[in-house]
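Observations on chain architecture
Read off the chains here:
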Amino acid sequence: MPDPYVKERDRSRIPERFQWDLSPVYAGDDTWEAAKRKMRAELPSIASWAGKLAESPEQLLGCLEHHSLLHKELTRLACYAGMKSDLDTRESRYTAMDQEMSRLASDFSTLASFIEPEILRMDPARIEEFLAREPRLGAYRHVLDDIVRNRPHTLGESEEKILATAGLMADAPATINSIFTNADFPYPEITLEEGTVRLDPAAFNLHRRSRDRESRKKVFAAYLGKMHEFRRTFGAQLAAEVRKNMFFSRTRSFGSCLERALNRHNIPVAVYRNLIAGVRAHHRTFYRYLDLRRRLLGLDTLHYYDLYAPIVADLDLDYTYDEAAALVLESLAPLGPEYAQVARRALSERWIDVYPNDGKRSGAYSNGSVYDVHPYILLNFNGKHDDVSTLAHELGHTMHSYLANQSQPYALSHYSIFVAEVASTFNEALLLNSMLERETRDEVRLSLLGNYLDNARATVFRQTQFAEFELRIHELAEGGEALTGDTLGELYAAIVREYYGQEVGACVVDDDVKAEWAYVPHFYYNFYVYQYATSFIASTALSERVLAGEAGAVESYLELLSAGGSDYPIPLMARAGVDMTSSEPLKAMMARLGRVMDEIEEIALRLGKLK
Ligand SMILES: [Zn+2]
């Protein structure tokens, strides 16, 4: 059923129950203002502990507790300003509040910057002695461990000063790349059926999905062709980024850039390498996907430019928000009554700002940082199937934050990015499962399964292929090889051709692909993309266990969410039953893909879409 409010752009006409109630955070802007003034006056108090942390367990505990308290309140202030500003980005008062909070946060981190070096200078035996003498310090054991394990990568005071100053140059490659691609790049114009189109990244994303084969071929050739013309400049940008990573990994005595990047969340490099080896080892599953796509599109040969064409007719199903909420709630039932009860609160107690309206920030997010209240979700609900899925996704983040905030002290409540997308994609998996259970129409089932499959390709296979490219270019540079637009292009094309099985005829990867790396901003995020793949794999493995009704699976999953940031991601996940250092989770995910493809084939045959 179409939703009556998705087209309403005037916020005042949308019923209150679909809007955030921010009053539990601050009663109003005046209360916020007063709290902020008080906070500004209190911030310098943290400096009174400088030079005293090693004196006694009480001093160390006092400092960590005070820091945690100030950080918590500062975050609450910042969240209120940020959320207000997101509701109306045109309102300069809220932009100013938001900016003021960024300044305050940066002042605070400068004031508190003595803490880590002081703890690092302490003898580990002394820290252990403190922990034994003051039991309340136990709540900070993980925080202390996280600081102390960086000891081998911390330098003397004067060297640290040089590295901090070098930081002034560190953003240059990413900044130049961003300005070049977003502001200056001469995106090509091409003529398609619908008229002349300027192919910027958004238009490229849209038109590469064209049902008309000639169009999508043209779109790929024009877009990547233009990137290729500028490969030297793009190459110099990416090479500079890689050299920056090398500079910091070498000065901080890491064995490699990969080691440094993964050290942040204490992820073993084996997790990264196993992902690449594992995805490559499962190439047969991927070739089967490519062949299924080829047959569903009715092609003799699949080309790289055919990968985004929809394999099934887009279904124009409409949902009201209340229908979407009911579907999502129903899908979460396998997680038990307590989970469902909190999810119901999120939906009914104005944790969610539902509809798009004039001035509101686009996209969707969950903000779980107001520790003492509850998480908030921003949506731009449009009444389509994707929006139902987004609600399930964001509710996953919200439940993760809620459970972590309930169970952990503030200092341990923040979960790392490595586990963040597990909770969200887990809920997407539950939603898909429950929609398939209630759906009997073949066309709809085919569309749901087809979407899932394309999503798996983009999240697991494509991101792993990116992760491999990222690793290889760093290894080349570390081995003393020069990176240029041409060498990057040759390497990229070779990797894509291997993944897509060009040699065995699974997919023809045309020469245009040589420039595709230049289009990926994530290569400036320092080994980030692999986490899209690992999160998807982990959540698939976890949800498979829950949906199979395995004993203890729900409990151990909820424990993972409740654990927040109380330990490093890999041991946390291992306790929940997914060992990310083994090949089992990937195997479970590939088995699921196999079953999805079986079912797609069965339906497509029945509908006469396959021969
Ligand atoms: Zn997310």
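The structure we're discussing is the one just above.
Let me sum up the structure you'll find in this document. (Residues numbered from 1 in each chain as written. Predicted model: local features only at pLDDT ≥ 70, side-chain atom pairs only at ≥ 80, totals over all residues. Heavy atoms only, no water.)

**Details of the coordination of the zinc ion**
Note the cut-off: Listed donors are limited to N, O and S atoms within 2.8 Å of the metal, widened to 3.2 Å for Na, K and Ca; water is not among them, so incomplete-looking sites are possible. Irregular is the label for any site that misses the other tests, which are tetrahedral for four donors with all angles between 85 and 135 degrees, and square planar for four donors or octahedral for six when opposite donors exceed 155 degrees and the remaining angles lie between 65 and 115. Counting from the N terminus, the helices are DSSP H or I runs at least four residues long and the strands are E runs at least two residues long. Relative accessible area decides the class of each residue, using a 1.4 Å probe on protein chains only: under 20% of the type maximum gives buried, over 50% gives exposed, and in between gives partly exposed.
Surrounding the zinc ion are the protein donor atoms His 393 (NE2), His 397 (NE2), Glu 421 (OE) and Glu 421 (OE), which sit 2.1 to 2.5 Å from the metal. In this structure, the zinc ion is surrounded by four donor atoms whose angles at the metal cover 53 to 138 degrees, and the resulting shape is irregular. Mapping the donors of the zinc ion onto the primary sequence gives the spacing H-x3-H-x23-E. One end of the pair, His 393, is in helix 17 (residues 385-407); the other, Glu 421, is in helix 18 (residues 417-438), and 28 residues separate them in sequence. For His 393, a relative accessible area of 15% puts it in the buried group.

**Some remarks on helix 7 (residues 157-170)**
Stated precisely, the cut-off is as follows: In a helix, the anticipated span is given by 1.5 Å times the number of residues less one. Note that the arc is computed from the directions linking the helix axis to the C-beta atoms. Working rule for contacts: check all heavy atoms of both residues, and any pair within 4.5 Å makes them a contact.
A rise of 1.5 Å per residue sets the reference length of helix 7, with its 14 residues, at 20 Å; its end C-alpha atoms lie 20 Å apart and thus fit the reference within 8%. By the burial criterion, the buried members of helix 7 are Leu 163, Ala 166 and Ala 170. In a view along the axis of helix 7, the buried residues occupy a sector of 70 degrees, so they form one face of it. In helix 7, the exposed positions that point more than 90 degrees away from the buried face belong to Glu 157, Ser 158, Lys 161, Ala 164 and Leu 168. Taken together, the buried residues of helix 7 touch helix 8 (172-184) and helix 11 (231-251).

**Digging into the sheet that holds strand 3 (residues 352-353)**
Selection criterion: Here the rule is simple: two strands pair whenever DSSP picks up at least two bridges between them.
Across the sheet, which stays open at both edges, the three strands sit in the order 3-5-4 with mixed pairing between neighbours. Each edge of the open sheet is held by one strand with a lone partner, namely strand 3 and strand 4 (365-367). Sheet analysis places strand 3 next to strand 5 (residues 376-378), joined by two bridges and oriented parallel. Note on strand 5: the bridge partner recorded for Asp 353 is Leu 378.

**Some points on the packing of aromatic side chains**
Heads up, the rule is: Pairing of aromatic rings covers Phe, Tyr and Trp, the last counted by its six-membered ring, and requires centre-to-centre distances within 6.5 Å; plane angles under 30 degrees mean stacked, over 60 mean edge-to-face, and any other angle means tilted. Our definition puts a charge over a ring when NZ of Lys or CZ of Arg is within 6 Å of the ring centre and also within 35 degrees of the ring normal.
All told, the structure shown has 40 aromatic pairs when counted by the stated rule. Arranged with centres 5.7 Å apart and planes meeting at 50 degrees, the rings of Tyr 5 and Phe 18 form a pair that is tilted. A residue pair is termed long-range when its members are at least 10 positions apart, and Tyr 5 in the segment before helix 1 (29-42) and Phe 18 in the segment before helix 1 qualify at 13 residues. Geometrically, the ring pair formed by Phe 418 and Tyr 530 is tilted, given 6.0 Å between the ring centres and 45 degrees between the ring planes. Linking Phe 418 in helix 18 with Tyr 530 in helix 21 (residues 530-547), this pair joins segments that are 112 residues apart in sequence. Across the pair, exposure class does not vary: Phe 418 and Tyr 530 are buried alike. Sitting over the face of the ring of Tyr 26, Arg 76 holds its NZ or CZ atom 5.6 Å from the ring centroid. Stacked on the ring of Tyr 308, the Lys or Arg Arg 208 has its end atom at 3.7 Å from the ring centre.

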